[in-house]
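The chain contents come next:
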Amino acid sequence: MGESKRTEKTRVLVVGASGYIGKRIVRACLAEGHETYVLQRPEIGLDVEKVQLLLSFKKLGARVVEGSFSDHQSLVSAVKLVDVVVSAMSGVHFRSHNILVQLKLVEAIKEAGNVKRFLPSEFGMDPPRMGHALPPGRETFDQKMEVRQAIEAAGIPYTYIVGACFAAYFAGNLSQMVTLLPPKEKVNIYGDGNVKVVFADEDDIAKYTAKTLNDPRTLNKTVNIRPPDNVLTQIELVQIWEKLTGKELEKTNIAAKDFLANIEQMEIPHQAGIGHFYHIFYEGCLTDHEVGEDEEASSLYPDVKYKRMDDYLRMFL
């Protein structure tokens, strides 16, 4: 029995499969050897890039299953096909903020009754630690908590994956706002720039997700992505770039009160972004608590050779 169990493939449904993190999770699940299903929603309409992405997943061996959030039965049928459901619905204000749509998924999983694990859309700051967060950015954490409470109330087994800044949004730009590219001359430093932050390549986040979703060690646990070599201060990140380019940037330190000044006058997505940056770079919310080795992805899965930030930044040279 033990032997056949080990060779049996885990069947995984990825919801939000054409999204920013979702598409990486699909590829990582296929690479991990999971039988991978992607949810195709009628809302896709004329979004040609998403349609082509789903077709490309089929080519890689994924199975496309139709389902809609406005059709409960279609969701129940979709989740009945699999052992594990991974949600990668967007939870950022400047894209689409869809976190609570997952409650419909929780209802479907509850009714289907066969799902061995659900991984809701997390992948960022740990929501139970963010009760104090500034509005409107705290909405993200409040809604993620609402989804968690529904999962736990329904008795659905889960894994929550938290804890790192996406490198494309926080590392390539040396953590500057409103750009995704490294600054040429000047760089803003938050406070003294010495607060520890965690950076991770999005492909690595997806690899850890694909490994944890059927791991008995991570059942009903929170897994933190905190690869030790990528726990860096903003100053350290800037220094890596300066070393790569051989050029020193002109630094401006921004005090917390100046960073938060005039926040009320900004557009809502920008206000949310400012709040999140504040918690990460001034308060140190990603690193102000201990994480045991049994709850940290890079120590659970040492076979994932995670990308270090000097390697990551070389792309921009």
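No experiment lies behind these values; they were computed from the predicted model shown.

Draft legend 1. Empty space enclosed by the protein, seen in detail. According to the stated counting rule, one finds one cavity of 30 Å³ or more in the structure shown. Empty space within the largest cavity amounts to approximately 70 Å³. Within the lining of the largest cavity, the residues separate by chemical class into five nonpolar, three polar and three charged.

Draft legend 2. Structural detail: the sheet that holds strand 5 (residues 117-119). Within the open sheet, the five strands sit side by side as 3-2-1-4-5. Their pairing is parallel. Two strands lie at the open edges of the sheet, namely strand 3 (63-66) and strand 5, each paired on one side alone. Along the sheet, successive strands turn relative to each other by an average axial angle of 25°, direction set aside. Strand direction decides the pairing type here: strand 1 (residues 11-15) and strand 2 (residues 35-40), joined by four bridges, are parallel.

Draft legend 3. Quick peek at the sheet that holds strand 9 (residues 196-200). On the basis of which strands lie adjacent, the open sheet formed by three strands has the order 7-9-11 and mixed pairing. Edge strands, defined here as strands with exactly one partner in the open sheet, are strand 7 (165-166) and strand 11 (231-233). One ladder, built from two bridges, connects strand 7 with strand 9; its direction is parallel. Each bridged residue has a counterpart across the sheet, and for Cys165 the counterpart in strand 9 is Phe199.

Rules used throughout
- The numbering scheme is per chain: residues are counted from 1 as the chain's sequence reads.
- A pLDDT threshold of at least 70 governs which residues receive local features in this predicted model, and a stricter bar of 80 or more applies before side-chain atom pairs are shown or counted, although totals over entire chains, interfaces and linings include all residues.
- Water and hydrogen atoms play no part in the side-chain values, which are based on all heavy atoms of the structure.
- A cavity here means a set of points on a 1 Å grid, drawn over the protein atoms and nothing else, where a 1.4 Å probe fits but cannot get out; a pocket is an open set with protein on both sides within 12 Å along at least five of seven lines, and a residue lines either one if it has an atom within 4 Å of a point.
- Grid points are joined across faces, edges and corners, and a volume is the space filled by probe spheres set on the points.
- Residues were grouped as follows: Ala, Val, Leu, Ile, Met, Phe, Trp, Tyr, Cys and Pro as nonpolar; Asp, Glu, Lys and Arg as charged; and all remaining residues, including Gly, as polar.
- Only strands that DSSP links by at least two bridges are regarded as paired with each other.
- The numbering of helices and of strands both runs from the N terminus, where a helix is a DSSP run of H or I of at least 4 residues and a strand a run of E of at least 2.
- For helices, the fitted axis covers only the stretch in contact; all axes are lines through C-alpha atoms, and the angles between them, taken along N-to-C directions, range from 0 to 180 degrees.

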